[in-house]
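Observations on the model geometry
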Amino acid sequence: MNLNIKDKVAIVTGASRGIGKAIVYKLVSYGCKVVLISRNLDDLKKVEKDLNTEKVMCFQCDITNQQEFKVIVSKVVDLWGSLDILINNAGITKDKLLLRMNESDWVDVIDVNLKGCYNTIKVVSNQMIRKKQGKIVNITSVIGQIGNSGQANYAASKSGIEGLTRSLAVEFGSRNININCIAPGYIETDMTKNLDKKVIQDMKNNIPLNKFGLTSDISEVVCFLVSDLSSFITGQVINVDGGMTIK
Ligand code: NAI
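Here the structure is a predicted model, which means the values were calculated and not measured.

1. Topic: the overall build of the protein
Helix and strand content of the protein: nine helices and seven strands. Here the C-alpha radius of gyration of the protein, 17 Å, is about what a compact globule of 247 residues would show, namely 18 Å. Viewed in the frame of its principal axes, the protein has a C-alpha envelope of about 50 × 40 × 40 Å. Counting every position in the protein, which comprises 247 residues, the buried fraction comes to 49%. Counting only contacts in the protein whose residues sit at least 6 apart along the sequence, the fraction spanning at least 24 positions is 70%. Accessible area of the protein: about 12300 Å², with a carbon and sulfur share of 50%. Positive and negative charge centroids in the protein, built from 31 and 25 side chains respectively, lie 3 Å apart.

Below, the structure is given as structure tokens:
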């Protein structure tokens with residue numbers, strides 16, 4: 001299967017670890033040029049060193065700051081001449097029951113997860129509209145669809161991204177820009193590895209495929225969504241959750 005994404009220029013936010021890092025490795029393996037963004041430059045440098053290829057660049061950037069992101073995009077376009085793909089992966093949680101959730105817990109999560117997507121898309125879509133082509137993938141969460149106790153801020157931010165995606169799919173359709181979401185279920189990360197065995201088993205019992213996903217399960221779908229193979233798919237949310245949300 002040829003994805004035809006060799007030498008396309010992609011930006012991945014939250015690229016220093018976890019799902020974002022896996023997306024970077026997969027895009028590079030298919031020949032993309034990839035710009036890595038995160039708050040922590042040291043961690044990004046480690047990824048860059050490990051990949052050891054001219055095809056990656058990394059920048060420290062807080063995606064809540066649109067101006068900071070805009071400067072990076074200008075540098076990328078100057079150096080690599082194009083910007084074809086945006087993966088909005090950066091995300092945070094500040095879990096608390098609403099009773100104890102203060103305004104900063106709410107604002108911080110909405111700012112990074114939802115406004116962060118607005119900021120990056122606002123900047124990148126200028127380039128894409130000019131070129132009349134582009135692929136945008138936003139990483140949401142099944143929690144945005146089913147909700148979860150203690151995650152009102154996170155769930156609201158992730159459902160918000162779904163609404164943003166559907167609206168922009170309509171706005172961008174005539175510009176040949178596809179925009180979609182991937183909603184991961186439970187994915188094996190450092191966080192889930194440290195959970196109690198009984199808790200893990202209970203969680204798995206609620207998943208029809210009876211297991212957690214791998215970061216590669218997400219990164220493969222990202223590559224499909226940024227390739228020509230998915231050129232008739234836009235405004236959709238693809239759940240990669242082992243069937244968790246059908247129960
Ligand atoms: P993680 O916590 O391991 O990594 C998050 C990345 O985002 C880091 O690189 C961090 O530096 C970056 N980041 C955070 N705030 C930022 C900001 N203001 N500006 C720039 N970069 C920022 O996260 P993980 O687990 O890999 O998750 C990635 C995405 O997948 C998130 O959007 C998360 O909500 C979503 N997700 C994760 C699931 C899981 O099981 N791990 C399940 C469902 C969704």
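2. Points about the sheet that holds strand S2 (residues 33-38)
The seven strands lie next to each other as S3-S2-S1-S4-S5-S6-S7, forming an open sheet whose pairing is parallel. Taken across any chain shown, the strands that pair with only one partner, and hence form the sheet edges, are strand S3 (56-60) and strand S7 (237-240). With strand direction ignored, the average angle separating the axes of adjacent strands in the sheet is 15°. In terms of strand pairing, strand S4 (residues 85-88) meets strand S5 (residues 134-139) through four bridges, oriented parallel. Of the residues in S5, the one forming a bridge with Ile87 is Val137. Across the face of the sheet, helix H3 (residues 66-80) comes into contact with strand S1 (9-13), S2, S3 and S4 while running at roughly 160° to S3.

3. Concerning the packing of aromatic side chains
In the structure shown here, the tally under the stated rule is one aromatic pair. Both rings, one in Tyr186 and one in Phe212, keep their centres 5.6 Å apart while their planes meet at 45°; by these two values the pair is tilted. Remark: Phe212 occurs in the loop between helix H8 (197-205) and helix H9 (215-225) and Tyr186 occurs in the loop between strand S6 (177-184) and helix H7 (190-193); sequence separation between them is 26 residues. Judged by relative accessible area, which is 29%, Tyr186 ranks as partly exposed. Lying across the ring of Phe212, Lys204 places its NZ or CZ 5.2 Å from the centre.

4. Topic: the side chain of Ser230
Looking at where Ser230 falls in the secondary structure, it is placed in the loop between H9 and S7. Ser230 sits in the buried class, given a relative accessible area of 1%.

5. Here's the deal with the packing of helix H1 (residues 18-29) against helix H2 (residues 41-51)
Two elements in contact, H1 and H2, have axes whose closest approach is 12 Å; the angle formed by their N-to-C orientations is 25°. Between H1 and H2, the angle falls in the class roughly parallel. Taken as a pair, H1 and H2 cross one another with a handedness that is right-handed. In contact with Lys21, Val24, Tyr25 and Val28 of H1, H2 contributes Val47, Asp50 and Leu51. Among the residues making up the contact of H1 with H2, the classes are represented as five nonpolar, no polar and two charged.

6. So, the site of the ligand
The full set close to the ligand counts 25 residues, and Ser16, Arg17, Ile19, Asn89 and Tyr154 are the nearest of them. The contact in question runs from an oxygen atom of the ligand to an N or O atom on the backbone of Gly14, over 3.5 Å. Interatomic distance of 3.3 Å between a side-chain N/O atom of Arg39 and a nitrogen atom of the ligand. In isolation the ligand offers 840 Å² of accessible surface; the protein chains occlude 89% of this area. Of all the secondary structure elements, the ones that give two or more residues to the shell around the ligand are H1 and helix H6 (152-172).

7. Things to note about the pattern of salt bridges
Side-chain pairs of opposite charge can arise where the charged atoms are in close proximity. Counting across every chain of the model gives 10 salt bridges. Of the charged contacts in the structure, one is a salt bridge between Asp84 and Lys131, with a shortest N-O distance of 3.2 Å. With a gap of 47 residues between them, Asp84 in the loop between H3 and S4 and Lys131 in helix H4 (residues 103-131) connect regions that are remote in the sequence. Residue Asp84 is classed as buried on the basis of its relative accessible area of 6%. On the accessibility criterion, Lys131 (42% relative accessible area) is partly exposed.

8. Some points on H8
Of the residues making up H8, those classed as buried are Ile200, Met203 and Lys204. The buried side chains of H8 occupy one side of the element, clustering within an arc of 100° when seen end-on. Looking at the buried residues of H8, the elements they touch are H7. Looking at where H8 begins, the residue whose side-chain oxygen comes 3.1 Å from the main-chain nitrogen of Lys198 is Asp196.

Rules used in this analysis
- Residues numbered from 1 in each chain as written.
- Predicted model: local features only at pLDDT ≥ 70, side-chain atom pairs only at ≥ 80, totals over all residues.
- Heavy atoms only, no water.
- Helix = DSSP H or I, 4+ residues; strand = E, 2+ residues; numbered from the N terminus.
- Rg over C-alpha atoms; globule rule 2.2 N^0.38 Å.
- Buried < 20%, exposed > 50% of the residue type's maximum accessible area, 1.4 Å probe, protein only.
- Contact = heavy atoms within 4.5 Å.
- Areas by Shrake-Rupley, 256 points an atom, 1.4 Å probe, with all protein chains shown as cover.
- Lys, Arg positive; Asp, Glu negative; His and termini not counted.
- Charge placed at Lys NZ, Arg CZ, Asp CG, Glu CD.
- Pairing = 2+ DSSP bridges.
- Axes fitted to C-alpha atoms, helices over the stretch in contact; angles between N-to-C directions.
- Phe/Tyr/Trp six-rings, centres within 6.5 Å; stacked < 30°, edge-to-face > 60°.
- Lys NZ or Arg CZ within 6 Å of the ring centre and 35° of its normal.
- Parallel < 35°, antiparallel > 145°, perpendicular 65-115°, else oblique.
- Left-handed = near helix turned anticlockwise from the far one by under 90°.
- Nonpolar A, V, L, I, M, F, W, Y, C, P; charged D, E, K, R; others polar.
- Near = heavy atom within 4 Å.
- Polar contact = N/O pair within 3.5 Å; in protein donor to acceptor, adjacent residues only side chain to side chain.
- Salt bridge = Lys/Arg side-chain N within 4 Å of Asp/Glu carboxyl O.
- Arc of directions from axis to C-beta.

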